[in-house]
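This is what each chain is made of:
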Amino acid sequence: MAVERETRNNLVFAVNGERFELSTVDPSTTLLEFLRSRTRFKSVKLSCGEGGCGACVVLLSKYDPVLDQVEDFTASSCLTLLCSINGYSITTTEGLGNSKDGFHPIHQRFAGFHASQCGFCTPGMCVSLFAALVNAEKANQSEPSPGFSKLTVSEAEKAISGNLCRCTGYRSIADACKSFAADVDVEDLGLNSFWRKGESKEVKMSRLPFYNRNKEICTFPEFLKKEIRSSMLLDSKRFYWYNPVSVKELQSLLESNETNDGSLIKLVAGNTGMGYYKELEHYDRYIDLRYIPELSSIRRDPKGIEIGATITISKAIEALKEENKSEFHPKSEMVFKKIANHMEKIASGFIRNTASIGGNLMMAQRKNFPSDIATILVAVGSMVYIMTGPTCERIMLEEFLERPPLSSKTLLLNVEIPSWESIKNISSETDTMLLFETYRAAPRPLGNALPYLNAAFLAEVSPCKTSDGIIVNNCRLAYGAYGTKHAIRARQVEEFLAGKILSLDVLYEATKLVKAVVVPEDGTSYPAYRSSLAMGFLFDFFSPLIDNGGKISNVLLEGYIKNVNAYKTNQNHVQLAHDNLPSLLSSGKQVIELSEEYHPVGEPITKSGAAIQASGEAFYVDDIPSPENCLHGTFIYSTKPLAWVKGIQFQPKPLPDGVASIITFKDIPKGGENIGSKSIFGTEPLFAEELTQCAGQRLAFVVADTQKHADKAINFAVVDYDLENLEPPILSVEEAVKRSSLFEVPPMFYPKQVGDISKGMAEADHKILSAEIKLGSQYYFYMESQAALAIPDEDNCMVVYSSSQVPEWTHAVIARCLGVPEHNVRVITRRVGGAFGGKSIKAMPVATACALAAHKLRRPVRIYLDRKTDMIMAGGRHPMKITYSVCKTNHSSKSAMRAPGEVQGSFIAEAVIEHVASTLSMDVDSVRSINLHTYNSLNLFYESNADEPLEYTLPSIWDKLAMSSSLHQRTEKVKEFNRDNKWRKRGISRIPIVHEFFVRPTPGKVSILSDGSIVVEVGGIELGQGLWTKVKQMAAFGLSSIQCDGVGDLLDKVRVIQSDSLSLIQGGFTAGSTTSESSCEAVRLCCNILVERLRPLRERLQDQMGSIKWEMLIAQAYVLSVNLSASSFFVPDPTSMQYRIYGAAVSEVEVNILTGETTILQTDIIYDCGQSLNPAVDLGQIEGAFVQGVGFFMLEEYLTNSDGLVVAEGTWTYKIPTLDTIPKQFNVEIQKSGHHQKRVLSSKASGEPPLILAASVHCATRAAIKEARKQLLSWSGKDECSSTFQLEVPATMPVVKEHCGLESVERYLEWRMGRK
Ligand SMILES: Cc1cc2nc3c(=O)[nH]c(=O)nc-3n(C[C@H](O)[C@H](O)[C@H](O)COP(=O)(O)OP(=O)(O)OC[C@H]3O[C@@H](n4cnc5c(N)ncnc54)[C@H](O)[C@@H]3O)c2cc1C
Ligand code: FES
Ligand code: FES
């Protein structure tokens, strides 16, 4: 018995059915830290560490012994504290299946739908889907067909709407999820490896890996249920973690000596607040509030709904949506439902499942968090119940928010949302009606993004008894999150409106008052935009009550108001109300043409390793177990762009917890160099010496016993800077030009002039003499941040595992830094969790710093950069201002990002064309068509490696796309739409691309093992782009030419192994899209050698035996000592080193004039892939690159402060596309353009150019804005539109709104009033 009691005092939980018991743990330990460092379940990935990406999602299951029920929900393990899950069961994707015991259908379908590229997001995606499947089973819905779940298509999409993926573009992931839905039409599902085109629906359904609902994984093991039934206590003292079960107990805890000894205490519910406020304090004790019944119950009575403070947002949504009790007036139910709908846009499902209502309000109260909950609850007159010591108070939420920050011991007990009837005495005769609406404008419609502003309006209105029209009896107008300390009520506006008959004049005055009230605090971004949103929302709320012409009768009012929403859906209105959640991707079509000529090359086979990526078995650098004595490092970087560094110290302690050493340039060994990276432009130092060159530059490398300690330590570093005798830093292109701080452009990059520009300009009828275009930078946002592990080896050698696109150069840099010969260094790279150019140059210093530290300390040293440091040091895409050439500044050095230069170049060309069209008042598409290269004009630019006439496919793609996308009909429809709609405008745009590629030399090695299995090494790195898959296909094709039995099945015998810079030298860069094909060619050359060596033996054996099987042939070759390993170094011949690809896209967008939100309604792409090596892989590249381009052109602001230090340093401020921001209809056709003698099996690359096609979205947005501007001018009585304007990149919501007119509401009302 004694033993049993002791057991229960420990922390006990299950992970994937395995029991874990801990007798002690630091209470600040997160579930993610524990899983990754102390279990074999490494599928939970760390990507953002702040709740914003979903890479770390796990399924948490909680057992209620009284009801004998299990509750299953997702949570972000990076924010969940380990002590808070005592008695829980955790399921990760490893728990669903694996390569040994069999994959789960989720894993199989993710692989089969080509929904995993780098795979870093895939485990989190799989768990999010699994949770949705588990919970759908609990719903009371009809039985689905065998093999399907109870999930609906829309639920399936929403299941992953908060998870980020940087590679795929989401369409394929959505398909994998939807394939489980009961209501899915399999014909709507995209390209997959399960069925072939033309198969019947029934056959298709039968080909999906079977999902057996009745045999689903048990999420809660029996043994844990038993333990819970017989009590499950945590020894509070040992864990410094308290679980009080009553308010009284909590009070006495807060008062007790134990907690009043000066130690820091943290009250905690879901701990998601840590995602925003990355507190550095060390708390001595934690008090978990979730076991106190008063705080964790929901009470409903006629007065309203009382929600306990620890109730999660998800639970609150359920309660607010609960309809079956007729305890409330329908109007109250409407209000509750709308509050719930708004709450569904807070964060993402996996955050809402643990984030509490109380935690949110306390963050708003104490730390000015831009809360949605506070705003919407203020609008409905909510009350809160708080307790400080023995004093309890029930106060209005508004007052609560207005008070000075409450003490850390003040407790929020609950919040009360009143029913309307409790504050208003309504009888059936009354003609008073209630209106309620909530609003938020955020970069992502479905949430997972803080709003620029939120609002909620409640109004009681009735028909005017003395005249036509509607009278506002009273209203509550709440605004928040716009750069204010807390949510406010616009009381002046409320008072102004009270008792007024709504009219244009009244609304006009009201909006003006709003503008004066909603004033963002100094330092808030886009203040004018936020104020204009406030006006726009008010206008949206009240204007339907005016636009009826004032002729409403008393009797009709109720019906009228009921119809307001219907009225709003009439596209003439704004339709901002968030009644209906925005729909996600509706559909996509993929057209590919298969070729069997080089079987299995050319087939859309599943990506190599996709299933183990889904099951979490795939290893990335940070998944390699730490060797004994391993230390962890991170960088101290400069925050000043140009300053002398006089010293670095830590405060308050000279050495923060766990820190073992600080490495600077002084630690570079004798004979070594201070070198961190090299590129064709030269080298960069590993660490700044005396003088910093940019903010974000590496100053030192802090090494500690854990990554957490290292990451924490850098926050306590104090760098002593001195600006003495220094010129001001150069932080703008203009300044660089002024001070002649220019790079030498290597002659090979000089542009070749074609034609005589001066003559052309002189003879032109029209001229545009000067124009300026600005493009921002872009952060790679690979899901796996930079990582390395350096292990000292015998005889002064160093083995370094690096997440690098260029191990060869990393290798060379490490050797130079350590001052050792290159044969002392070995760099190993297996797979990289996304790169996009960011892990070429910028991965080198990360690996080098680890190697240097390991060299100095003679211990293994690893690093996994936290997202913030990664974002600050990454550099990103080159921003550009066109009119000047390349300039030298004190900004961090930028590095190539997917389609470097090309994307800017193409965009500039498109902007010029738009400018020309608008100057000439011509249709842009016609100008583009006229300016499309002819075959002859193209070849003027590419003389030495010109295409054959038939290879120039752009004109045919251009025309075909017009047909397939119904461009001309849709252009007419867009015009019609724009005529009929005031507050939404559409634009459609078609753009072409011509993108040149360079093929680089690449090594390869193919070896055949004694059982006939094949192992392949190539210079290229698997970054998620499918290089291994194509290489596998090529190896199988290449060896199949031996023509013996069984060579048709060689594909399964091929394994591509990690790159090892000593095993295969001259690996070069994996960049520029062509490494897959050059690696394939290197492999083909190796296969040719092997086939030549094997042929005589095969002929002899075939003569003797009639036929010979592959395995037998190889066994005999071993006996006869045939050399079965061949290496090659593919060097492209000069005439095929360069080639071009062609493609085009049409995008149609809709712009909301009041908010600046742009929705991509449809995108159609045709892309010439030559003869694709793997159409599924290429399709994934096209969709993924396009969506990354949407991020660049529309969403991603990589902002810096006035010192050039990156301030967009995480998922809170940097918004990559999510499922809800991709085209609603996304059609891609891969054009097979026949034979190209000089290409690798006639193929062409696909990695980068499609990114440029996203410029079509930007151009379409510009077209829509143009319409809005035209309309705005007409409201001001001007007919002519000054139609030329430059739309910045990215065209974010504030930017779009600004161009549409920040004052569009005022102008409209003035226009209407003038006409009256
Ligand atoms: C990625 C992400 C996106 C988000 N997006 C949004 C958004 O769009 N809109 C929005 O409104 N919110 C958003 N949030 C905020 C989220 O709603 C809050 O983080 C969450 O509700 C806090 O609840 P919690 O239980 O996790 O609190 P905790 O993190 O446990 O606590 C937060 C703070 O409140 C204190 N506290 C908690 N409960 C009490 C109590 N009962 N009495 C006294 N003090 C208490 C804690 O001591 C702590 O200081 C987002 C959060 C994340 C992580
Ligand atoms: S790592 Fe946890 S949500 Fe991003
Ligand atoms: S596959 Fe999703 S992030 Fe790479």
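Residues numbered from 1 in each chain as written. Chains lettered and ligands numbered in written order. Predicted model: local features only at pLDDT ≥ 70, side-chain atom pairs only at ≥ 80, totals over all residues. Heavy atoms only, no water.

With an unreviewed UniProt entry as reference, the chain is termed indole-3-acetaldehyde oxidase, source organism Castanea mollissima. Per UniProt, the comment on the chain under Sequence similarities (unreviewed entry) is "Belongs to the xanthine dehydrogenase family." (UniProt positions renumbered as here; feature names shortened; annotations may be inferred.)

Caption draft 1: Representation of the overall build of the chain in the model. Summing up its helical and strand segments, the chain has 42 helices and 40 strands in all. Burial status across the chain gives 61% buried among its 1316 residues. Partitioning the intrachain contacts of the chain with sequence separation of at least 6 by distance along the chain shows that 77% fall at a separation of at least 24. Roughly 50,300 Å² of accessible area belongs to the chain as shown, and the carbon and sulfur atoms make up 52% of that amount. The chain carries 139 positive and 152 negative side-chain charges, and their two centres are separated by 1 Å. (Helix = DSSP H or I, 4+ residues; strand = E, 2+ residues; numbered from the N terminus. Buried < 20%, exposed > 50% of the residue type's maximum accessible area, 1.4 Å probe, protein only. Contact = heavy atoms within 4.5 Å. Areas by Shrake-Rupley, 256 points an atom, 1.4 Å probe, with all protein chains shown as cover. Lys, Arg positive; Asp, Glu negative; His and termini not counted. Charge placed at Lys NZ, Arg CZ, Asp CG, Glu CD.)

Caption draft 2: Structural view of unusual backbone geometry. Cis rather than trans, the peptide bond between Gln651 and Pro652 has omega equal to 5°. In this structure, Pro652 sits in the loop between β20 (644-650) and β21 (659-663). The omega torsion across Val1289 and Pro1290 is 5°, close enough to zero to call that bond cis. As for its position among the elements, Pro1290 is in the loop between α40 (1255-1275) and α41 (1293-1300).

Caption draft 3: Layout of the site of ligand 1. Ligand 1 sits among 35 residues. The nearest are Leu267, Gly270, Thr272, Ser356 and Asp372. For ligand 1, an oxygen atom lies 2.7 Å from a polar atom in the backbone of Gly270. Between ligand 1 and Thr272, the relevant distance is 2.6 Å, taken from an oxygen atom to a side-chain nitrogen or oxygen of the residue. Notes on ligand 1: free accessible area 970 Å², of which the protein chains cover 96%. Mapped by element, the contributors of at least two residues to the shell around ligand 1 are β7 (265-268), α14 (357-367), α15 (372-379) and β13 (411-418). Take the shell around ligand 1: its biggest share by element is five residues, from α14. (Near = heavy atom within 4 Å. Polar contact = N/O pair within 3.5 Å; in protein donor to acceptor, adjacent residues only side chain to side chain.)

Caption draft 4: Spotlight on the sheet that holds strand β34 (residues 1014-1018). Sheet architecture is open: four strands sit in the order β35-β34-β33-β37, paired in mixed fashion. Edge strands, defined here as strands with exactly one partner in the open sheet, are β35 (1054-1056) and β37 (1125-1130). Taking the axes of each pair of neighbouring strands and ignoring which way they run, one obtains an average angle of 20° across the sheet. Both strand β33 (residues 1002-1008) and β37 contribute to a ladder of six bridges, which runs antiparallel. Among the inter-strand pairings, Pro1003 is bridged to a residue of β37, identified as Phe1129. In this fold helix α35 (residues 1027-1040) packs onto β33, β34 and β35, with an angle of close to 140° to the strand it touches most, β35. Those strands touched by helix α36 (residues 1075-1105) are β33, β34 and β37, and its axis lies near 140° from that of β37. (Pairing = 2+ DSSP bridges. Axes fitted to C-alpha atoms, helices over the stretch in contact; angles between N-to-C directions.)

Caption draft 5: Examining the packing of helix α27 (residues 807-818) against helix α28 (residues 843-857) more closely. α28 packs onto α27 with a crossing angle of 40° between their chain directions and a minimal axis gap of 9 Å. What the angle tells us is that α27 and α28 run oblique. Of the two possible hands of crossing, α27 and α28 adopt the one that is right-handed. Residues Trp809, Thr810, Val813, Ile814, Cys817 and Leu818 of α27 form the contact with α28, whose own contacting residues are Met844, Ala847, Thr848, Ala851, Leu852 and His855. (Parallel < 35°, antiparallel > 145°, perpendicular 65-115°, else oblique. Left-handed = near helix turned anticlockwise from the far one by under 90°.)

Caption draft 6: Inspection of the UniProt feature "binding site: FAD" (unreviewed entry) in the chain at higher detail. With numbering aligned to this structure, UniProt lists the feature "binding site: FAD" (unreviewed entry) at Ser356, Ile357, Gly358, Gly359, Asn360, Asp372, Leu412 and Arg440. The largest pairwise C-alpha distance within this set of annotated residues, which runs over 85 residues, is 25.8 Å, so the set is dispersed in three dimensions. With respect to the secondary-structure elements, Ile357 resides in helix α14. Taking relative accessible area as the criterion, Ile357 reaches 1% and is therefore assigned buried. Look past the residues within four positions of Ile357 in its chain and what remains in contact with it is Ile307, Ala309, Ile311, Thr312, Ile313, Ala316, Met343, Ile373 and Val415.

Caption draft 7: The arrangement of the packing of aromatic side chains in detail. Under the counting rule described, the total for this entry stands at 46 aromatic pairs. An aromatic cluster of at least three residues, connected via ring pairs, comprises Tyr439, Phe457, Tyr479, Phe537, Phe541 and Phe542. When the ring centre of Phe496 is taken as origin, the NZ or CZ atom of Lys500, which lies over that ring, is 4.0 Å away. Geometry around Phe781 places Arg867 over its ring, the cationic atom sitting 4.5 Å from the centre. (Phe/Tyr/Trp six-rings, centres within 6.5 Å; stacked < 30°, edge-to-face > 60°. Lys NZ or Arg CZ within 6 Å of the ring centre and 35° of its normal.)

Caption draft 8: Structural detail: the pairing of β33. Counting buried residues along β33, six of its seven residues qualify, which places the element largely inside the surrounding structure. Both β33 and β34 contribute to a ladder of five bridges, which runs antiparallel. When the sheet's bridge partners are listed, Gly1004 is paired in β34 with Val1018.

Caption draft 9: Local environment of the side chain of Thr848. Along the chain, Thr848 turns up in helix α28. Overall, the relative accessible area of 0% leaves Thr848 in the buried class. A polar side-chain atom of Thr848 sits 2.6 Å from the main-chain carbonyl oxygen of Met844. Each residue touching Thr848, except ones within four places of it in the same chain, is listed here: Ile675, Gly676, Leu686, Val813, Ile814 and Cys817.

Caption draft 10: Highlighting the side chain of Ser638. Along the polypeptide, Ser638 turns up in the loop between β19 (631-637) and β20. From its side chain, Ser638 meets the backbone oxygen of Lys640 in a polar contact 2.5 Å long. When near neighbours in sequence (up to four residues on either side) are disregarded, Ser638 contacts Thr692, Cys694, Ala695, Gly696, Gln697, Leu699, Tyr721 and Leu1205.

Caption draft 11: Spotlight on the nonpolar core. Core analysis: the largest hydrophobic core is formed by 279 residues, its most contacted members being Phe110, Met343, Phe400, Tyr479, Phe542 and Phe701. For this core, the element with the highest residue contribution is helix α38 (residues 1175-1195), accounting for 11 residues. Ignoring anything within four residues of it in the chain, the contact list for Met343 reads Ile313, Ala316, Ile317, Leu320, Arg352, Ile357, Ile373 and Ile376. One finds Val1031, Leu1050, Cys1080 and Ala1117 within the second-largest nonpolar core, a separate group that totals 42 residues. (Core = buried A, V, L, I, M, F, W, Y, C linked by side-chain atoms within 4.5 Å.)

Caption draft 12: Inspection of helix α4 (residues 122-138) at higher detail. Spanning 17 residues, α4 covers 25 Å between terminal C-alpha atoms, matching the ideal 24 Å at 1.5 Å per step. For α4, the tally of buried residues reaches 14 of 17 residues, placing the bulk of the element in the interior. (Expected span 1.5 Å × (residues − 1).)

Caption draft 13: Highlighting the pairing of β19. Within β19, seven of the seven residues are buried, which leaves it mostly tucked inside the rest of the structure. Note: β19 against strand β30 (residues 861-864), two bridges, orientation parallel. Within β30, the position partnered with Leu631 by the bridge is Val861. The sheet contact formed by β19 and strand β24 (residues 698-704) spans six bridges and is antiparallel. From the neighbouring strand, Ile636 faces β24, where its bridge partner is Ala700.

Caption draft 14: Structural detail: helix α20 (residues 527-542). Here α20 contains 16 residues, and its C-alpha end-to-end distance of 23 Å stays within 8% of the 22 Å for a straight helix at 1.5 Å per residue. Most of α20 sits out of view: 14 of its 16 residues are buried.

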